[in-house]
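# Architecture at a glance
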2 protein chains.
Amino acid sequence: MSRPAALVFDAYGTLFDVHSVTRLADELWPGRGAELSQRWRAKQLEYTWLRSLMRQHADFGRVTEDALRQACEALALPFTEDHHRRLMDAYLRLDLFSEVREALARLAGRPLAILSNGSPAMLEPLVAHAGLAGVITHVLSVESVGIFKPDPRVYQLAVDRLGVPREAIGFVSSNCWDAIGAQRFGFSACWVNRAGAPVDRLGFEPDAVVGSLADLPALVS
Amino acid sequence: MSRPAALVFDAYGTLFDVHSVTRLADELWPGRGAELSQRWRAKQLEYTWLRSLMRQHADFGRVTEDALRQACEALALPFTEDHHRRLMDAYLRLDLFSEVREALARLAGRPLAILSNGSPAMLEPLVAHAGLAGVITHVLSVESVGIFKPDPRVYQLAVDRLGVPREAIGFVSSNCWDAIGAQRFGFSACWVNRAGAPVDRLGFEPDAVVGSLADLPALVS
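Residues numbered from 1 in each chain as written. Chains lettered and ligands numbered in written order. Predicted model: local features only at pLDDT ≥ 70, side-chain atom pairs only at ≥ 80, totals over all residues. Heavy atoms only, no water.

### With respect to the overall build of chain A
Secondary structure summary: chain A contains 9 helices and 8 strands in total. At 17 Å, chain A has a C-alpha radius of gyration in line with the 17 Å of a compact globule built from 221 residues. Taking the principal axes of its C-alpha atoms as reference, chain A extends roughly 50 × 35 × 35 Å. Burial status across chain A gives 58% buried among its 221 residues. (Helix = DSSP H or I, 4+ residues; strand = E, 2+ residues; numbered from the N terminus. Rg over C-alpha atoms; globule rule 2.2 N^0.38 Å. Buried < 20%, exposed > 50% of the residue type's maximum accessible area, 1.4 Å probe, protein only.)

What follows is the structure, given as C-alpha cells:
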C-alpha cells in the first residue's frame, strides 16, 4: 500500500463507532443496550446484502430503521415511536473513534474521501457533527448507484468521482468483507482490525491490516 | 397459495436441520456445540451473500468449510483436520425435521423439487441418506447458475427446469429472506416459521406463513 494518490474511508465502524448507540439503548432498556446494538448492526448489514441481491434497493435510512424494528422484535424489547426517533437521531451523531481526528490530520494533502452505504441525508449531519467537513474532501454515497457494498459498482463510484485510477486508491475499512471487496475491485485495501478478529475467509485477503487508524500514516507515506 | 402446480423446497433449515451438527460439535468442544453451530450457519449465509455481491462465487462446500474455520477461530475453539473432516461429513447426513417425511408423502402427485445453495456433491448424499430419493422429483443446485440465493437467477432455475410458470410454483423456505426473495421473483412463497421469529423487514412479506411443514398440505390443496 505504497503512497496512494487518494484515500477512501468506510464510514460506519471505521471512522464512526456504530456501537456508540449502546449508551442510549441502555437507558431505554437497562442492561440490554449492547445486545440491541449488536443485533441492530448485524441485521442492518444483512438487509443491505439481501436487498442488493434481490434487486430491491432502499436507502440506508430505511434499512437502518427496518433493522432496528426487527432487532427489537427479536429481542422482545418494547418499542415506541419515541424510542425509534431517539435511536435514529443517535445514528446522526455517532462518536468518532478516538484516533481518527489526529490520523486524518496527518494524512491531509491528498484527497480524503468517505465511500459509504449511508444516504446523503445520513452522512451530511454525521460528518458535520464530528467537525470533519473541512477534513474529508469527498463524501460519496452508494445512493448514486442504488446498490450496497460490496457490489463492485460502489467501488467504481470512487474512481469516477475522484478521477484517480483504482490502483492508485488506498481503501480503508474496519469491515473485513468491505476491505476484501475493495481488494477484489482493484484498490489497495487496508483492514482496520481494532478487535483482533480473525480474517473473513472469502478466498482473498486485504492488502494490509492495521490495529487502528493511528498506524495508517506510516503505512501510506 | 392456492393449488400450485409444483412445490419447490429450500433444503438447509427447511427440510434438513442444519443444527443437527450440534451433537458432534458438543462432543468435540463440550458445552460449546450450540454456539459453534449458530455461528457456523450465520457465517455460511453471510459468505454466500458477500461472494455473490463481490462476483467471487465458490461452491457451497467451499463456503461451508470457510465458514466453519472462521467460526472456530472467532470462538477460539482448537481446530484440527480431524474436527474439520468429521463436521463436514456430518453436513452430508443432517437430520430431517420430524414432520417432513409425512408431509412430503401427503404432497406427492405433483413435482416436488429442492432448490438449494448446496452443490450437487453435497445434496446428492444428503437426499440419499434421508431416503428422499424417490420422493423429491428434482434436485436443483445454484451451481448451475453460479450465484447464491436470493439472486433472481436462482429462482429462475426452477422455472426453467420444471417447465412451470413462476406464478404456478409454490416455494417453501424456513429462511424468511429466502421466502421473501422468492415472493419478489413471482413465486407463491410460504415461510416455515418453526421458531416463531419476527418477520424480516425487507419491504415485502411472504404470501403465507406456517408453523411447520405439517400445515402445508392443507394450505395447497
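From this point, things continue past the structure.
### A few points about the side chain of Thr14(B)
All names here are of chain B. Positionally, Thr14 belongs in the loop between β1 (6-9) and β2 (16-17). On the basis of relative accessibility, which here comes to 0%, the residue Thr14 falls in the buried class. Side-chain polar atoms of Thr14 contact the side chain of Asp10, separated by 2.7 Å. (Polar contact = N/O pair within 3.5 Å; in protein donor to acceptor, adjacent residues only side chain to side chain.)

### Overview of the relation of the copies chain B and chain A
Of the transformation placing chain B onto chain A, the axial shift is 0.0 Å and the rotation is 180 degrees, giving an RMSD of 0.0 Å. Such a combination of turn and shift is consistent with a two-fold rotation axis. Across chain B, the smallest distance between a C-alpha and the rotation axis is recorded for Trp49(B), namely 3.1 Å. A high fraction, 100%, of the interface residues of chain B reappear at the interface in chain A, so the copies pair face to face through one surface. (Least-squares fit on C-alpha atoms with pLDDT ≥ 70 in both. Contact = heavy atoms within 4.5 Å.)

### A few points about the sheet that holds strand β6 (residues 169-173) of chain B
Residue and element names in this part refer to chain B. In spatial order, the strands read β5-β4-β1-β6-β7-β8; together these 6 strands make up an open sheet with parallel pairing. The open sheet terminates on both sides in strands that have one partner only, identified here as β5 (138-141) and β8 (208-210). The sheet shows a mean angle of 25 degrees between the axes of neighbouring strands, direction not considered. Two strands pair when backbone bridges link them, and β1 and β6 are joined in this way by 4 bridges, in the parallel orientation. Note on β6: the bridge partner recorded for Leu7 is Gly170. Those strands touched by helix α6 (residues 120-129) are β4 (112-116) and β5, and its axis lies near 150 degrees from that of β5. Together, β6 and β7 (188-192) form the strand contacts of helix α8 (residues 176-185), whose direction differs from that of β7 by roughly 175 degrees. (Pairing = 2+ DSSP bridges. Axes fitted to C-alpha atoms, helices over the stretch in contact; angles between N-to-C directions.)

### A short note on the interface of chain B and chain A
Between chain B and chain A, the contact holds 33 residues from the first and 33 residues from the second. Summing the contributions of chain B and of chain A, the shared interface buries around 3,100 Å²; its carbon and sulfur component is 64%. Interface area lost by chain B to chain A is led by Leu53(B), Met54(B) and Arg201(B), which between them contribute 25%. Our count for the chain B to chain A interface comes out at 6 salt bridges. Glu73(A) serves as the salt-bridge partner of Arg201(B), at 2.5 Å between the closest nitrogen and oxygen. Remark: the boundary between chain B and chain A carries 14 residue pairs in polar contact (both at pLDDT 80 or more). Contributions of two or more residues to the side of chain B that touches chain A are made by α2 (33-54), α3 (60-74), α7 (152-162) and α8 of chain B. Here the element with the most residues in the side of chain B that touches chain A is α2(B); it accounts for 9 residues. (Buried area = accessible area lost by both parts, 1.4 Å probe. Salt bridge = Lys/Arg side-chain N within 4 Å of Asp/Glu carboxyl O.)

### Structural notes on the state of the cysteines
Residue and element names in this part refer to chain A. Counted under the stated rule, the structure contains 0 disulfides over all chains. Here Cys176 is not cross-linked by a disulfide; its sulfur's nearest cysteine counterpart is in Cys190, at 11 Å. Taking relative accessible area as the criterion, Cys176 reaches 5% and is therefore assigned buried. (Disulfide = S-S within 2.5 Å.)

### What to know about the sheet that holds strand β7 (residues 188-192) of chain A
The pairing of strands in a sheet comes from backbone hydrogen bonds and takes either a parallel or an antiparallel form. Residue and element names in this part refer to chain A. As summarised here, the arrangement of the 6 strands in space is β5-β4-β1-β6-β7-β8, forming an open sheet in which the pairing is parallel. A strand with exactly one partner marks an edge of an open sheet, and here the two such strands are β5 (138-141) and β8 (208-210). Going across the sheet, the axis of each strand differs from the next one's by a mean of 25 degrees, ignoring polarity. As paired strands, strand β1 (residues 6-9) and strand β4 (residues 112-116) are joined by 3 bridges and run parallel to one another. Across the sheet, the residue bridging to Leu7 is Leu112, located in β4. Relative to β5, helix α6 (residues 120-129) is tilted by about 150 degrees, and along the sheet it contacts β4 and β5.

### Let's talk about the packing of helix α2 (residues 33-54) of chain A against α2(B)
Two numbers describe how α2(A) lies on α2(B): the axes approach to 10 Å, and their chain directions differ by 50 degrees. Comparing their axes, α2(B) and α2(A) come out oblique. Classified by chirality, the crossing of α2(B) by α2(A) is left-handed. On α2(B), the residues that touch Glu46(A), Trp49(A), Leu50(A), Ser52(A) and Leu53(A) of α2(A) are Glu46(B), Trp49(B), Leu50(B), Ser52(B) and Leu53(B). Taken together, the residues that form the contact of α2(A) with α2(B) break down as 6 nonpolar, 2 polar and 2 charged. (Parallel < 35°, antiparallel > 145°, perpendicular 65-115°, else oblique. Left-handed = near helix turned anticlockwise from the far one by under 90°. Nonpolar A, V, L, I, M, F, W, Y, C, P; charged D, E, K, R; others polar.)

### Focus: the packing of aromatic side chains
By the definition in use, this model includes 21 aromatic pairs over all chains. Clustering of aromatic rings is evident, with ring pairs tying together Tyr12(A), Trp40(A), Phe60(A), Tyr91(A) and Phe148(A). The ring centre of Phe204(B) lies 3.6 Å from the NZ or CZ of Arg184(B), which sits over that ring. (Phe/Tyr/Trp six-rings, centres within 6.5 Å; stacked < 30°, edge-to-face > 60°. Lys NZ or Arg CZ within 6 Å of the ring centre and 35° of its normal.)

### Section: the pairing of β5(A)
Across 4 bridges, the pairing between β4(A) and β5(A) is parallel. Looking across to β5(A), one finds that Ser116(A) is bridged to Ser141(A).

### Some details on the environment of Arg39(A)
Residues and elements named next belong to chain A. Of note, Arg39 is situated in helix α2. For Arg39 and Ala71, which are 32 residues apart along the polypeptide, the C-alpha to C-alpha distance reads 5.8 Å. Apart from residues lying up to four places away in sequence, Arg39 is in contact with Gln70, Ala71, Ala74 and Leu75.

### Brief notes about the confidence of the model for chain A
This prediction gives chain A a mean pLDDT of 97; 100% of its residues lie at or above 70. With a pTM of 0.97, the predicted complex shows an ipTM of 0.97. (pLDDT = per-residue confidence, 0-100.)

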